[in-house]
Amino acid sequence: MTNTLTPWLSIAKPRTDIADGSFDESLFAADLGLVAEGLGPKDYLDPYTFCEKTYLTGNLRAVLTELGSRLAGDDSAAGVYRLQTEFGGGKTHTLLSAFHIFGTPEKVTGTDLGRQLASLLPGNRIPKAKVVVLDGSALKVAPVATEDGCHLTSLLGHLAYRLGGKPAWDGVADADQKLLGSSTIELQALLAEHSPCLILIDETLEYLNKALAVAAGDGNLAGVTLTFIKELVTAAANTRGVAVLATLTSSRAEDYATVSGLEMQDRLSRVVGRTENIVTPVEGDDIFPILHRRLFTTVGTPEQRREVADAYCDWYQSLADALPSGYSEQAYRDRIAAAYPFHPELVDILTNRWGSLSGFQRTRGALRTLAHCVKALSQARSKSALIHPGDMPLADAGVRAEILRFAGDSYKAALNADIIRPDSKAQEEDARRGGQVKDAMLATGLATTAFLDSFGPDKVLGASAVHMLLGVGRPGMSRGLIEDVRDTLEGLLWYMRLEGGRYRFTTEPNLNKVVLEREAAIEDRRIEQVLRDTIKKVAPETDEFRVRPWVHDSNDLPDEPRLTLGVLDFEHRINGETTPTTLALARQILENRGSVFRSNKNSAVLVVADSYALTKARASARTLLALQDVQSDQVRLKRFNAEQRDQLTKRLAGTQDRLPHQTVMAYRHLVLLGESAGQVALDRIDLGPAGADATITSQVTSYLTGADRLIGKLSPAALLSDRFGLLPDGTDTVELDRLAGYFATLVRLPKLSSRKVLQAALAEGCARRVFGLVSGSAPDAPDSVVRFGDKIDDSEIQFQPGTWLVRGTVAADLRNRSSEAAAGIGTSSDGDTGGTGSTDGTTTGTGTAATGTGSIGGSGGGTSATGGATSTGSTKKRVSAVRLTLDGIAADQVRDVLRSAINPLAAVGASLEVDIEIRADGPATGIPREVLELTVLEGLRQSGIDAKVDTTES
């Protein structure tokens, strides 16, 4: 669903002074006493202007009509009216309306209000009356001297003087100055003499509070005043053309919360209550048109307002069980249309929830707050279709001042940290998410809604899930998105907490803030230890890999044929300024071990941390330690409520679950040696996102397997392929120990998950006659054992010197020669008779190649005619040194030299040094350059042997 509703600012037009912020706040703080003295803003002093901006609610129309009828001589109309309102409930505005309308009716007859009221009164005219204002906040209890010589001392004196000047006061002067009070009869006569008259009484409690300190006879002036008020209302009720309109509560009721103050209010209520008629000027939704009249020149047509109301309620209905059904019914549609451009929930917060708070006056407080709200949103060019609770611009100084007036300055920290500053938590979340969240300032709106609902008379404060949804939701917005942002704020804001299913702001830092403060005190060494412990858990050893965590340098990574995964210590990272240095270190580790070349280059791989991802893992490790510290702080725990303790437990468990996965995600860079253009190169691979159950080891294994750089099964034919290059052209054999070594040393080859892979391939290749396996002193030696086409158990194959893989054609030839020799008696070179073949596949005698069933490369198989006997020699004679010079040694005799000369001398502890000069004359086609470079020289380099090379180009 797309929100195509017109912004409220394009329909409703704020008054100019509201929109530009030039309005005078005193316009929303009327004072009857000041107006009566000719003081205050023009909007209150000028009768015409005042009535033009006054909305005639039903109750206001009723009380003004009753007063007009009474003043016009209708005895059936009541004479005494008491305004019963919550603070700021329109009482002062009602008093001012009566003051202007009946005091100067000629000035208001041209207004809509004047015309409406006149049509309801006898003779279709508004009666003119003498209007007397007795405002307790404006009257002194000390004597007041007038210019014509009067000394007004009590309410009696003030009433008489305001009705008839000095002559009227002279009639009550003695009683006034002596604080003796009057009588009902005397007051009735005074009132009748000046009828029609209207007496407006306001802030009575404030006057009584001052009068308590003034002695009067055996009592005080307060007691005299209470008696006077009782007599006055009785007299007014019984005098034609006289009316009293009074308020008994004070606009500053918090000043009278003492026992004496409350007792005085009770006594006052009982005194007036005998003759009163109670009037409530503003009730329920009467506030809506008042807001319209005071803040806007127009709020659009009924059709425009209805379109918005229907769109919202249709959307509410689409949310199913998220909202009670009442929010989509006709009555609520009517409320939205009536409150437009304000959402009714916003007005309800200000008038119903805040209206009973000390320091916030219901109507005038709402007017002031919403005036600043409209001002700020107008200047920001609001695009919303309604003004929601979440749209309240708490960053505006005027709005904030109204709220802090009753909430207190202690909430400034909460506002600054979580809502109003550009770097506040909510605004940062809006910016982080972007898109619709940023456009609607959704996080800020949700936090604002929770803040507004955090004040009121209820025992359980805060915004429910319904309030939060109504506070920001609008047609076209996803409910899931709203709830996701709301849940995020629960773990993000510093002063909002969830209590009893409600989101509420307090001045006490919540778990988020407490944890953040603890995080600042966590030492790096503790974080690093947690990360190392976690790395050990998420990088387990497997059948394929041995793991070495915390690799600092090349000495920490073994140089062995078995596959080894090294976890580079997290001080070395990739994706940042340290990337070149880290990669250089990684190459140095993979190519060397200590001061020598690494032999098993193809067996070692490294994983390196991503700088950005590691930062997240470190943050989680820090948070984990902070949460653990908070959990162990019993003093702090006692200050948490049940929800906060539960939140602590859940956050601790969540962080413990999250850290391992974040650590796996951090170590996402695989670094290993490869080959490029015939040269050893450093390969760096981003392993990408990790699954929930992934480990560092499984990530590495998965990538290498998928890229065919780690294999668990090897095709026998691959061992003879040009791709592997293990048997170059012109080469028919390769020893198995060297073959196995190739896979550990040559980086161009795939890595084997274990040596069993090679054993299986060799066994399969032998059985399928892809190649043969020969054991002995040489492949074609008389004592060799030939396996070709035989089924061999994998475990029989041992990677030891003296066992060869032989090309199939050569193996077949050796096998045939072996079979022929085994069929009869061979002839030795000196004419002796050779041995006969035995039934177990071995031979006795000399001069023949044998077949056998022993292990390939082990001690079984063919044996020499001598039965393995060796000469004992003399142990009595010794030499101190020996130098053997061997010239013209053939290639196939090198191993014999090793076995016959070098190994025995090393075995008796001799210190050996061998100088080798290899002269190789190639065949007609020449020696392949790749054999020389990749096999010979690379093998020597990986063994740490430098060779001087002279070649003759063919």
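Above this text is the structure in question.
By convention here, each chain's residues receive numbers from 1 onward along its written sequence. Given that this is a predicted model, residues contribute local features only at a pLDDT of at least 70 and side-chain atom pairs are listed and counted only at 80 or more, while totals for whole chains, interfaces and linings are drawn from all residues. Calculated side-chain values reflect all of the structure's heavy atoms, with hydrogen atoms and water omitted.

**Comments concerning the overall build of the chain**
Here is the rule we go by: Secondary structure follows DSSP: runs of H or I at least 4 residues long count as helices, runs of E at least 2 residues long count as strands, and numbering of each begins at the N terminus. Relative accessibility decides the category of a residue: with a 1.4 Å probe and only protein chains considered, values under 20% of the type maximum give buried, values over 50% give exposed, and everything between is partly exposed. Between two residues, a contact is recorded if the distance between any of their heavy atoms is within 4.5 Å. Method for areas: the Shrake-Rupley scheme with a 1.4 Å probe, in which residue coverage is limited to the protein chains shown.
In terms of regular secondary structure, the chain is built from 37 helices and 27 strands. By residue count, 50% of the 954 residues in the chain fall in the buried class. Intrachain contacts of the chain at a sequence separation of at least 6 include 70% that bridge at least 24 residues. In the form shown here, the chain has an accessible surface area of approximately 43,900 Å², with 49% of it arising from carbon and sulfur atoms.

**With respect to the packing of aromatic side chains**
Put simply, the rule is: A pair of aromatic rings is counted whenever rings of Phe, Tyr or Trp (Trp by its six-membered ring) have centres within 6.5 Å, and the orientation is called stacked for planes under 30 degrees apart, edge-to-face for over 60 and tilted otherwise. Whether a charge sits over a ring comes down to the Lys NZ or Arg CZ being within 6 Å of the ring centre and within 35 degrees of the ring normal.
Tallied over the entire structure, the rule returns twelve aromatic pairs. Ring geometry for Y312 against Y316: centres 6.2 Å apart, planes inclined by 70°, an arrangement best described as edge-to-face. With Y312 and Y316 both in helix α15 (residues 302-318), this residue pair falls four residues apart, about one helical turn. Across this residue pair, the class does not change: Y312 and Y316 are buried. Arranged with centres 5.5 Å apart and planes meeting at 70°, the rings of F451 and F505 form a pair that is edge-to-face. Taken as a pair, F451 in helix α23 (residues 442-452) and F505 in strand β13 (residues 502-505) lie far apart in primary sequence, 54 residues in all. F505 carries the same exposure label as F451, and that label is buried. Feature note: the residues W354, F406, Y411, F451, F455 and F505 constitute an aromatic cluster, connected by ring pairs. K513 extends its terminal NZ or CZ atom over the ring of W494, reaching a point 5.0 Å from the ring centre.

**Here we look at helix α31 (residues 642-666)**
So the rule is basically this: To estimate the expected span of a helix, count its residues, drop one, and scale the result by 1.5 Å. A residue's bend is given by the angle between axes fitted to the 7 residues ending at it and the 7 residues starting at it. Polar contacts here mean pairs of N or O atoms no more than 3.5 Å apart (in protein, one a potential hydrogen donor and the other a potential acceptor; neighbouring residues in sequence count only if both atoms are side-chain atoms).
Compared with an ideal rise of 1.5 Å per residue, which puts 25 residues at 36 Å, α31 spans 35 Å between its outermost C-alpha atoms and is within 8% of the ideal. Of all bends in α31, the biggest is about 25°, found at L659, and the proline P660 comes one to four residues later. Taken as a whole, α31 has its buried residues at Q644, Q647, L648, L652, T655, L659, Q662, T663, V664, M665 and A666. A side-chain oxygen of the first residue of α31 lies 3.1 Å from the backbone nitrogen of E643; this N-cap is N641.

**With respect to the packing of helix α8 (residues 155-170) against helix α12 (residues 221-237)**
So the rule is basically this: Where helices are involved, their axes are fitted lines through C-alpha atoms of the stretch in contact, as for all axes, and angles between N-to-C directions lie from 0 to 180°. Here the word oblique covers every angle except those under 35 degrees (roughly parallel), over 145 (roughly antiparallel) and from 65 to 115 (roughly perpendicular). Throughout this entry, Asp, Glu, Lys and Arg are counted as charged residues, while Ala, Val, Leu, Ile, Met, Phe, Trp, Tyr, Cys and Pro are counted as nonpolar. The remaining residues, Gly among them, count as polar.
Relative to each other, α8 and α12 sit at 40°, their axes nearing to 10 Å. In terms of axis orientation, α8 runs oblique to α12. Residues L155, L156 and L159 of α8 form the contact with α12, whose own contacting residues are T225, F228, I229 and L232. Classifying every residue of the contact of α8 with α12 by side-chain character gives six nonpolar, one polar and no charged.

**Quick notes on unusual backbone geometry**
The linkage connecting S195 with the following residue, P196, adopts the cis geometry, with an omega of -5°. Residue position: P196 is located in the loop between α10 (184-193) and β6 (197-202). Here the residue pair Y340 and P341 is connected by a cis peptide bond, since its omega of 10° sits within 30 degrees of zero. With respect to the helices and strands, the residue P341 is situated in the loop between α16 (330-339) and α17 (344-353).

**Considerations on the pairing of strand β21 (residues 679-686)**
Spelled out, the test is: One bridge is not enough; two strands pair if DSSP finds at least two bridges between them.
In terms of strand pairing, strand β20 (residues 669-676) meets β21 through eight bridges, oriented antiparallel. Within β21, the residue paired with H669 across the bridge is D686.

**Topic: the environment of Y340**
Within the secondary structure, Y340 is located in the loop between α16 and α17. On the basis of relative accessible area, Y340 is assigned to the buried category, the value being 0%. For the pair Y340 and A309, spaced 31 residues apart in the sequence, the C-alpha separation amounts to 8.5 Å. Not counting chain neighbours up to four residues away, the residues in contact with Y340 comprise P7, W8, I11, A12, H292, V299, R305, V308, A385 and L386.

**Details of the pattern of salt bridges**
When their charged atoms lie close together, side chains carrying opposite charge are able to pair. Selection criterion: Here a salt bridge means any side-chain nitrogen of Lys or Arg lying within 4 Å of a carboxyl oxygen belonging to Asp or Glu.
If you walk through the whole model with that rule in mind, you get 47 salt bridges. When the shortest N-O distance is used, the salt bridge between D321 and R479 registers 3.6 Å. With D321 in the loop between α15 and α16 and R479 in helix α25 (residues 479-490), this residue pair connects regions lying 158 residues apart in the sequence. Judged by relative accessible area, which is 67%, D321 ranks as exposed. Here R479 falls in the partly exposed class, since its relative accessible area comes to 30%. Several salt bridges converge on common partners, so that one network encompasses E429, R432, R433 and D484.

**Things to note about the environment of F50**
Mapping F50 onto the fold places it in helix α4 (residues 47-52). A sequence separation of 58 residues divides F50 from V108, and the C-alpha atoms of the two residues are 9.0 Å apart. Not counting the four nearest positions on each side in its chain, F50 is found in contact with D43, Y44, H93, L96, S97 and H100.

**Thoughts on the nonpolar core**
For the record, the criterion: Each nonpolar core is a collection of buried residues, namely Ala, Val, Leu, Ile, Met, Phe, Trp, Tyr and Cys, held together in the definition by side-chain atoms within 4.5 Å.
Residues Y316, F342, L394 and F505 are the most contacted members of the largest nonpolar core, which totals 85 residues. Among residues more than four places away in sequence, those in contact with Y316 are L323, Y327, Y332, I336, H343 and L470. Ranked by size, the runner-up nonpolar core spans 47 residues in total, among them A613, L624, L637 and Y667.

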